[in-house]
Amino acid sequence: RPIRSAIDERNYVFLFSFENMRTSFFQGVRKEWPESRFFLGKNKVMQVALGRDEEDEYATGLSEVATHLKGNVGLLLTDHTLDEVQACFKKHVQLDFARSGH
């Protein structure tokens, strides 16, 4: 239900991928856009919320997004445009170095 509510309240749905995301890094992105919603979690649950095929998709085109929910991905629901989203993600790319003991 939270995903579907966020779809109703926002204009755009973006799918993003990540590797080894740190909590502190992600919190920085979320603080920059408090009006947007980020969803990370079980891909199958997110697929069901969006709709796995055209017949049961929540809104037009969401079953296509659901087919790409594989691996380390998340959903961003926002009113920001594609250009704004790309600029934000480019700004927040971080190099991560190995830590001792890991």
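Residues numbered from 1 in each chain as written. Predicted model: local features only at pLDDT ≥ 70, side-chain atom pairs only at ≥ 80, totals over all residues. Heavy atoms only, no water.

Novice: Is there a simple way to explain the packing of helix H1 (residues 2-9) against helix H3 (residues 43-50) in this structure?
Specialist: Close contact between H1 and H3 brings their axes to 9 Å; oriented N to C, the two are set at 50°. Between H1 and H3, the crossing angle belongs to the class labelled oblique. By crossing handedness, the relation of H1 to H3 is classed as right-handed. For the pair H1 and H3, contact is made by Ile3, Arg4 and Ile7 and by Met46, Val48, Ala49 and Leu50, respectively. A class-by-class count of the residues in the contact of H1 with H3 yields six nonpolar, no polar and one charged. (Axes fitted to C-alpha atoms, helices over the stretch in contact; angles between N-to-C directions. Helix = DSSP H or I, 4+ residues; strand = E, 2+ residues; numbered from the N terminus. Parallel < 35°, antiparallel > 145°, perpendicular 65-115°, else oblique. Left-handed = near helix turned anticlockwise from the far one by under 90°. Contact = heavy atoms within 4.5 Å. Nonpolar A, V, L, I, M, F, W, Y, C, P; charged D, E, K, R; others polar.)

Novice: Please clarify how the environment of His80 should be interpreted in this entry.
Specialist: The topology assignment puts His80 in the loop between strand E3 (73-78) and helix H5 (82-91). Looking at His80, the relative accessible area reads 16%, which means it is buried. His80 sits 31 residues away from Ala49 along the chain, and the two C-alpha atoms are 22 Å apart. Every residue in contact with His80, bar those within four places of it in the chain, is listed here: Tyr12, Phe14, Trp33, Glu35, Ser36 and Val85. A polar contact of 3.4 Å, which involves the side chain of His80, links it to the side chain of Glu84. (Buried < 20%, exposed > 50% of the residue type's maximum accessible area, 1.4 Å probe, protein only. Polar contact = N/O pair within 3.5 Å; in protein donor to acceptor, adjacent residues only side chain to side chain.)

Novice: What is the right way to read the packing of aromatic side chains from this model?
Specialist: Aromatic ring pairs are reported here in terms of the distance separating the ring centres and the angle at which the planes meet. Counted under the stated rule, the structure contains four aromatic pairs. Between Tyr12 and Phe14, the ring centres sit 6.0 Å apart and the planes meet at 35°, which makes this aromatic pair tilted. In this structure Tyr12 comes out as partly exposed when scored by relative accessible area, which is 37%. On the accessibility criterion, Phe14 (15% relative accessible area) is buried. Ring pairs connect the aromatic residues Phe16, Phe18, Phe38 and Phe89, which therefore count as one cluster. (Phe/Tyr/Trp six-rings, centres within 6.5 Å; stacked < 30°, edge-to-face > 60°.)

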